[in-house]
Each structure stands twice: as structure tokens, then as C-alpha cells.
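# A structural walkthrough
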Amino acid sequence: MAQSKRKAANKTKKPKAGGKKVVTLALLPSKDFVPIPGLLIPIYIGKGPATEAVEEALKGDKTVVLALQAGETNPDTALTDIYSMGGAALIVHSVKLPNGDYKIRLHVLSRVFIEKCLTQEPYIRCRVRYITPPIETRLSAKDQKLIEQVKADLAILAQYDQSLEEHVFTCKDIFDPGSLADLVCSVLPLASIEVQQVLEELDGLKRLKIVAKHLRRQADVGAVKERVAQKVQSQFEKAQREEILREQIRQIRAELGEGSDDDSELDDLKKQLDEINMPQSGKKEAQKQLRRLRQLHPDTSEAALARTYLDWIVDIPWEERTVDHLDLGEVRQVLDEDHYGLQETKERVLDYLGVRRIKKDLRGPILLLVGPPGVGKTSLGRSIARALDRKFVRVSIGGLRDEAELRGHRRTYVGALPGRIIQSLKTVGVKNPVFMLDEIDKVGADYRGDPAAVLLEILDPEQNKEFEDHYLNLPFDLSEVMFICTANITDTIPPALLDRMESINISGYTTEEKLQIARRYLIKRGAEENGLAKHKISFPDGAMLFLIEGYTRESGVRELGRHVNTVFRKLARMVAEGKKLPGEVKPAQLEEFLGPIKYLADKQQNVDRIGVVNGLAWTSVGGEIMTIEAVRTKGKGSLSLTGQMGEVMRESAMAALTYVQANAEKFGINLEVFESSNVHVHVPQGAIPKDGPSAGVAISTALVSLFTGKLVSKNVAMTGEITLSGQVIEIGGLKEKALAALRANIPVVIIPKDNERELAKFPKYLCDKVTFITVETIEEAMQAALLPGENL
């Protein structure tokens, strides 16, 4: 017989007291029952070795050994974790079920000590020795007092648990401490390990002391439960009394004919719910909540929650919608009135309306307007709503980190409300507004969830027709909503979310476009906002261009609008001071109003130079001229890169030098020059970080010019990424870079052949003033940029 692994089992020692009767019996391990002598135990025996043990016992004297098993192994076959102290039990009743299982009832007769396991097949048979502890014949006064105290404590516990009353009467006739301990232990709700400790204690008085401690603990717990029950009963009776009084008041009012305002309000609410055309599941839930509300007193918090929920259901626009304005000509006129340019976005809206006239049940498009700040993304949404004659709602989700802000909180939370989507639809009162989700690229995530995951459902036409807000817990159709999202960049938008939207890139405005916007909108708005609409003040194009180029450096027109407002505020102040207004605003007056100019325009180089190239760079506020300088000194062939170049740009410079060295013979360069010279490449404006691969062709040109001694034309700017094999490949931000060349009066721009397709979308005036030379190799770029001359 394996010894128990638990400390309790290890402490089980071979008893010295008691009889010497040794027998061989079948063993039934149990995880739930401890065989206290005198206990009746019902057990269900499933198929297996235990069934064979029971059948074998029924053929003989019907006696088996029952022992507690503490482990998690199969109780039929495992010998580990079985306590050595068990009980000999008589099968007093057995029923064999149709499936072969048994239901038996055991009467524990005596403690037994399991000495050895004899066999394990077909069931466990053990040699056990009966333990018959001596009956205490001499009890001291202290022992008698302990017995009486245990009986008294059991009587107290019976006051809290009526099932113990019969055992109280049984105990009155028991004076043996061991027998009393076994009886009391068998009726207390103790853990198996605690009962096993009582079973293993053979000394009757010690056993009774252990049971007395458990009994007092249970009595204390019962007293606490009784006090709690009394408080609960008292509160329940108070609430019941108040409810009866309220009902009597309602009946009295009904007898007097005063009626109930609450009942009439609920009747009106029921009528409104019946008139709403919502999904069947929604109607069932609403009717359920209404029935519940009728049963609650109006002053309770549960009634307030139910009423608020029903009010939300009534106020949501389940079927209310506006009629789209489908005259494409008038829509185009409205869009042009509000915004200059942005042709791609306007064409997409007109395409939608064209299909809408043919197919009435067309789902709303989901657009993503991507562009730098100030280009009119948000105001374009309002313009689209005005053109379509739809309601407009805007929700800024930049910095949003809690998905419940969009989907709502469940009604179990205090102060729960629907999410912003449902709240906004309730505010506008229709189910097909133009819904703008602003700053979608700035959505975050934390322990409260990921709002981007909710947007996956909201912005998916296949899913949003059954969008379910957590508060409502009802499906709502969002498929008719025209969602327009805005973002400055797409890098931070999850790919799965980006895939659900139709991206429209809005690039920065050119100087000519800013001039047109100022002429059409900003000057008029500035005059009206500052009370000068009736005064005839001219703002000529020359002064506006001076303002645009000298005081703004942005992709949009937000800063330009602020400066125009500042000018009109200064003019309004002149009117208030009684001064005469000028007939037109001149550049000199702009410097007086706004101070010295803030930005110097990019300038073309004065002369053709060796190793100096006009590169082109893209920034978040437009394009810029980026001068690249290369100088060589005596040395051992090292390459120095300065001007806060980023890692990618530094790699482009190293690739350019490697290409020039590998093709030195082609360019007429002596290879010994590389070994005896150090090369230094610098990009001015060193305080500004610079990065990207598009400067590769410019750096290559500067190096070839440096080692061949050929001049680089001051009238040429260039952009393009290079490969070690000499290919010039595609770059981004071409429009902004071309505009930078135009501002610097550089008439020729070298671009990769792969970017040639973008020229079709450029403004006509840009293509008229700038000549674009497309190249596929670095050699072609050299031919266009380097002036003829002798090699050094």
C-alpha cells in the first residue's frame, strides 16, 4: 500500500490501541466522503474495478473498506494519495441500474487501518486491521464539562440550522466522548481534510476537543448569517410596506378620477413604439422593457433606466431620411462655390450621385480624404452635405482610446449611454446624413479596447447594415450613411481599416491656387468678419502674392486666412480711429501690418558651379529646393556626409559614390583620384533633418561633376532614386517638388521616367512654365544636367 503524499497522510501512524482483528476486504477509494463510524453514505458506482468490488462484496458478507483519496488520479485504480486510515462499511442497500452501474448505501461500522495492498486486479484488495478504541470509563469533571459544552454548542447551532435539531436529541443520550465526537463531526459542514483528521485521532477526548473547535467556529458563522438574514428581512418588509402604500395611493387617485400622469405617459410611449418601423427583434425588446416599466414604481432607479432606454429607442431615426438633391449641375455648382480645385473629390461625389439616380437603394460611399492640414478636408465634408441637401454631422475621433465611445456602454454600467455614432444620428434626426469621422489616423488603443476594431464594422458596407450598439443591443442600419473620414497620413491607419475606405489624396495648394482661393473666399470672408464688407478695399494680386510667399509656408491656406484676417483687423482699427482707408492694400502696408517677412523664397543659383546641384525635397508644407554640395580634399578615399542626413539618405549617398567609382571609366574619371581624395557631401540648413531616397540622382550628379570638373547647370533641378546598376526609379511628392522649382524660377526639372504619368494631372500653368525631362538612367540625367567641358 503506497503511503499518502499529503502531510496529513504521512502523519498517519500504525495505531497501538484497539483490537487485533485482521481481514482482507475490497477497497473503495472516495474523493468526497470520509468514513466516520456510524455514518450512512450513499455512493454511485460507475463501471470499472469498483463495480466488480461491490459485486464481490455482495456475494460475501457485504463489507468493504472506504478510504479518502486526496489526489486527482482515477479513484478506481490509483493507490497514491489514499489515506491509510479508513472505515469498514456494510452495504445495507444496493440497486443495479440497467446500464450496469450501482447505487449503494454504506453504513460505516468501525475504523480500520490499511496495512497492505494485496492485489489490484480485477479490483483493489487490502489487508486491514480493525481499530476498536477503549471506551472511557473514568471521566474527570473537566471532561464532563467538555461533553456538556459540545452538546450546548450543537443546540445553539441548531437554532440557525433546523436540520440539526434531531441530532441534538440524539446527543443527549451519548456520554462517550469518542462517540459524541464522531456524531457531531458527521453533521458539521467541514472540509474532507478536517474530517480525516478527526477520523485519524483515536483518543476520544482529543477527538472531542478537535470537534469542539470546529463546532464553535460554525456557531459563530451561523450567528453572523442570522444577523444578516434579519437585516435583509427588515429591509424587505420596509420596501414591501412602501409599495403597498404607493399602490393604495394610486387606487385612491383612481377612485377620485384624478388618473395617473405616469400611466398616460406610458400609453403615449407605447403608441410611439408601435408607430416606429424597427426590426422585429427591436420591437420585442422595447415591448419587454415597457412591460417591465409598468411594473416598477416611477421613483425607482430601475424605472429611470428603463425609461431612458425607451426614450433612446423612440428618438433614434429608424426610418427618417432626407431626399438627395440629384441635379448634377447644381451639385457641381455648389461644390465649386465652396472650394477651388479638389477635382478628384468632386468627381467622386458626382459619380455617386449619377449612380444614385439610377439605383435608388445604393449604399453610401465610404471616402478617406488624405492630405496635410489646412487644405479643406473638413469644410469639404460640409460642402458635400450642402450639395446633396443632406444633414451634416462631424465627430472628431483623434486621440480616441475607448471603443465604448463609438459602440456605447452596456446598460449594466451606471450612467451608460449609446456611443457617438448613435448619439450623432439622434442629434441630426435622419439615418442618411453625411457623417464625417475627423482625424481617423490619430485613433489610439489601450486596456479599454481598440476603437479601430469598431471602425472595421462601422466602415464596412457588408457589416454596418446591422451595426449593434452595446447600449441599445439592437441592430441599426448604417448603410445609407455617407461616411467621410479625414487623415493627414495613412501610415498609422491599420491596413484592414484602410482597405475598407476609398482613399482620395488631396495635395497641397500651389501658389496660383492659393491666390485663387484668397481672391474667391478669404478676402471676402475677412472683410465680412471684420465689418468692412461695405467699404471698397482692393487687395491686388501683387500684394496677395507678396503675402503668400513672404508670410506663409504651408500646404493649405489656414495660416494665409489668419494673416488676411489680421490685415482686415488693422484696417478696421483705422476706421475706428477715424483714419482714411487706403484704396488698395500694397506690399509696404503688409509689412507695416504684419511685420517683416518671415520666409525668404527659394532662389535659383546665380552661376553654374562644379559639384553643386539643385535637389528637390518634399515636406509636410510643400516642396523645397535642397542644394547639394560636394567637395573633395586630399586623403585616402573616405566619404563624409553632413547636414543632418537620415539613414536612407546616407545610404543613397554611398550608393551614388559606389556607382560613380564603378563607372569611372565611362565618365572619363581616373580611378587613382578616388584613392587619393576624401569626398565631403553637405546639404545646407543643417538644423533641419533630411531623409529619403529621392536625392540619389542629385548626389550622383554632384559627384560626377566634382570628379570630371564639369559645371552643373543652374537652370536644372532634379529628383529620383537610384540603384547600383544606374537606374533612376520612381519617387513621391512630385507635384510639390515641381512647384518648388517653379517658385525658384528653375525652368527645367529632371524626373524619373516612371513618374511621367503624373504629369497629366498637373495644372496647365505648371507644365507651361516648367520643362520636365524624364530619365531612366543616371547617364541620361548627366547629359541633361552637366554642361559640356573638359575633364580635369
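Keep in mind the model is a prediction, meaning the values are calculated, not measured.

Cut-offs used in this document
- Residues numbered from 1 in each chain as written.
- Predicted model: local features only at pLDDT ≥ 70, side-chain atom pairs only at ≥ 80, totals over all residues.
- Heavy atoms only, no water.
- Helix = DSSP H or I, 4+ residues; strand = E, 2+ residues; numbered from the N terminus.
- Rg over C-alpha atoms; globule rule 2.2 N^0.38 Å.
- Buried < 20%, exposed > 50% of the residue type's maximum accessible area, 1.4 Å probe, protein only.
- Contact = heavy atoms within 4.5 Å.
- Areas by Shrake-Rupley, 256 points an atom, 1.4 Å probe, with all protein chains shown as cover.
- 1 Å grid on protein atoms, 1.4 Å probe; cavity = no way out; pocket = protein on both sides within 12 Å on 5 of 7 lines; lining within 4 Å.
- Points joined across faces, edges and corners; volume = space filled by probe spheres on them.
- Nonpolar A, V, L, I, M, F, W, Y, C, P; charged D, E, K, R; others polar.
- Axes fitted to C-alpha atoms, helices over the stretch in contact; angles between N-to-C directions.
- Parallel < 35°, antiparallel > 145°, perpendicular 65-115°, else oblique.
- Lys, Arg positive; Asp, Glu negative; His and termini not counted.
- Salt bridge = Lys/Arg side-chain N within 4 Å of Asp/Glu carboxyl O.
- Pairing = 2+ DSSP bridges.
- Expected span 1.5 Å × (residues − 1).
- Arc of directions from axis to C-beta.
- pLDDT = per-residue confidence, 0-100.
- Phe/Tyr/Trp six-rings, centres within 6.5 Å; stacked < 30°, edge-to-face > 60°.
- Lys NZ or Arg CZ within 6 Å of the ring centre and 35° of its normal.
- Core = buried A, V, L, I, M, F, W, Y, C linked by side-chain atoms within 4.5 Å.

Let's shift gears to the overall build of the protein. A count of helices and strands for the protein gives 28 helices and 22 strands. The C-alpha radius of gyration of the protein comes to 46 Å, more than 25% above the 28 Å expected for a compact globule of 792 residues. Based on the C-alpha atoms only, the size of the protein along its principal axes is roughly 130 × 100 × 55 Å. When burial is assessed residue by residue, the protein has 47% of its 792 residues classed as buried. Residue pairs at least 24 apart in sequence account for 74% of intrachain contacts in the protein once pairs closer than 6 positions are excluded. Total accessible area on the protein stands at roughly 40,600 Å², and carbon and sulfur atoms take up 50% of it.

Our next topic: the side chain of Glu 513. Mapped onto the elements, Glu 513 comes out in helix H18 (residues 511-529). The residues touching Glu 513, leaving out its near neighbours within four places in the chain, are Tyr 340, Gly 508, Lys 735 and Tyr 765.

By volume, the largest pocket amounts to about 1,400 Å³. In this structure, the largest pocket is lined by 40 residues; those nearest its centre are Asn 505, Ile 506, Ser 507, Gly 508 and Glu 736. Listing elements by their share of the lining of the largest pocket, those giving two or more residues are helix H12 (343-358), strand E13 (502-505), strand E14 (612-619) and helix H26 (734-743). Residue composition of the lining of the largest pocket, grouped by class: 16 nonpolar, 16 polar and eight charged.

Packed helix pairs are specified by the crossing angle of their axes together with the interaxial distance, meaning the distance between the axes. In the contact formed by helix H20 (residues 558-576) and helix H21 (residues 587-594), the axes pass within 10 Å of each other and the chain directions differ by 90°. With respect to each other, H20 and H21 are oriented roughly perpendicular. Facing H20, whose interface residues are His 563, Thr 566, Val 567, Lys 570, Leu 571 and Met 574, H21 presents Leu 590, Phe 593 and Leu 594. Grouping the amino acids of the contact of H20 with H21 by side-chain chemistry returns six nonpolar, two polar and one charged.

Structurally, Glu 559 is set in helix H20. Of the buried charged residues, Glu 559 lacks a salt bridge, with Lys 598 as the closest side chain of opposite charge at 4.6 Å. If sequence neighbours within four positions are ignored, Glu 559 has contacts with Tyr 551, Thr 552, Arg 553, Glu 554 and Tyr 599.

What follows is about the sheet that holds strand E9 (residues 434-438). Backbone-to-backbone hydrogen bonds pair the strands of a sheet. The strands run either parallel or antiparallel. Across the sheet, which stays open at both edges, the five strands sit in the order E8-E9-E12-E7-E13 with parallel pairing between neighbours. Pairing within the sheet leaves two strands with one partner each, and these edge strands are strand E8 (392-396) and E13. Direction aside, neighbouring strands of the sheet carry axes that sit 20° apart on average. Examined bridge by bridge, strand E7 (residues 366-370) and E13 share four bridges and lie parallel to one another. Across the sheet, residue Leu 368 finds its bridge partner in E13, namely Ser 503. Strands E7, E8, E9 and strand E12 (482-487) of the sheet are contacted by helix H13 (residues 377-388), whose axis makes an angle of about 175° with E9. Contacting E8 and E9, helix H15 (residues 420-428) crosses the sheet at an angle of about 150° to E8.

What follows covers the environment of Arg 241. If you trace the backbone, Arg 241 turns up in helix H7 (residues 204-256). The spatial distance from the C-alpha of Arg 241 to the C-alpha of Lys 586 is 86 Å, given a sequence separation of 345 residues.

All chains considered together, the criterion is met by 27 salt bridges. The salt bridge involving Glu 577 is made with Lys 579; its shortest N-O contact spans 3.3 Å. Overall, the relative accessible area of 43% leaves Glu 577 in the partly exposed class. As a salt-bridge pair, Glu 779 and Lys 666 come within 2.8 Å of each other at their nearest N and O atoms. On the criterion of sequence distance, the pair formed by Glu 779 in helix H28 (residues 778-785) and Lys 666 in helix H23 (residues 664-667) is long-range, its members being 113 residues apart. Judged by relative accessible area, Glu 779 falls into the partly exposed class, the value being 30%. In this structure, a network of salt bridges that share partners links the residues Glu 319, Arg 321, Lys 431, Asp 477 and Glu 480.

This brings us to unusual backbone geometry. Backbone torsion omega between Glu 121 and Pro 122 reads -5°, so that peptide bond is classified as cis. Tracing the sequence through the fold places Pro 122 in the loop between strand E5 (102-119) and strand E6 (125-131). The residue Lys 62 is not glycine, and still its phi comes out positive at about 65°. Within the secondary structure layout, Lys 62 lies in the loop between helix H2 (49-59) and strand E3 (63-68).

This part takes up helix H3 (residues 141-160). For H3, with 20 residues, the first-to-last C-alpha span of 30 Å sits near the 28 Å given by 1.5 Å per residue. Residues Asp 143, Leu 146, Ile 147, Val 150, Lys 151, Asp 153, Leu 154, Leu 157 and Ala 158 constitute the buried set of H3. Seen end-on, H3 carries its buried residues on one side only, within an arc spanning 160°. Exposed and oriented more than 90 degrees from the buried face of H3 are Ala 141, Lys 142, Lys 145 and Gln 159.

Model confidence for the protein is summarised by a mean pLDDT of 82, while 91% of its residues fall at 70 or above. Looking at the elements of the protein, mean pLDDT is at its lowest for helix H1 (residues 7-10), recorded as 36, and at its highest for strand E21 (residues 748-752), recorded as 94. Across residues 1-13 the pLDDT falls below 50, and counting only partners more than four positions away or on other chains, this stretch makes 28 contacts in the model.

All told, the structure shown has eight aromatic pairs when counted by the stated rule. Ring centres of Phe 435 and Phe 483 lie 5.5 Å apart, and the angle between their planes is 45°; on these two criteria the pair is classed as tilted. Separated by 48 residues along the polypeptide, Phe 435 in strand E9 and Phe 483 in strand E12 bring together distant segments of the chain. A relative accessible area of 0% means that Phe 483 is categorised as buried. Ring centres of Tyr 659 and Phe 667 lie 6.2 Å apart, and the angle between their planes is 70°; this geometry places the pair in the edge-to-face category. The two residues Tyr 659 and Phe 667 agree in class, both being buried. Here Lys 21 stacks its cationic end above the ring of Tyr 130, 4.7 Å away from the centre of that ring. A cation over a ring is seen here: Lys 426 above Trp 312, with NZ or CZ 4.0 Å from the ring centre.

To continue, consider the environment of Glu 672. Mapped onto the fold, Glu 672 is located in helix H24 (residues 672-675). Among the residues examined, Glu 672 registers a relative accessible area of 56% and is labelled exposed. Linking Glu 672 and Lys 116, residues 556 residues apart in sequence, is a C-alpha distance of 97 Å.

Ranked by size, the top nonpolar core spans 53 residues in total, and within it Leu 437, Ile 440, Leu 455, Ile 458 and Leu 459 carry the most contacts. For this core, the element with the highest residue contribution is helix H10 (residues 301-315), accounting for seven residues. Apart from the residues within four sequence positions on either side, Leu 455 is in contact with Ile 397, Leu 406, Leu 437, Ile 440, Val 443 and Leu 497. Of all hydrophobic cores here, the second largest spans 51 residues; its members include Val 331, Tyr 352, Leu 367 and Ile 384.

With that settled, consider the pairing of E8. Only one face of E8 is buried, namely the one carrying Val 393 and Val 395, since none of Phe 392, Arg 394 and Ser 396 on the opposite face is buried. In terms of strand pairing, E8 meets E9 through five bridges, oriented parallel. Following the sheet pairing, Phe 392 is matched in E9 by Val 434.

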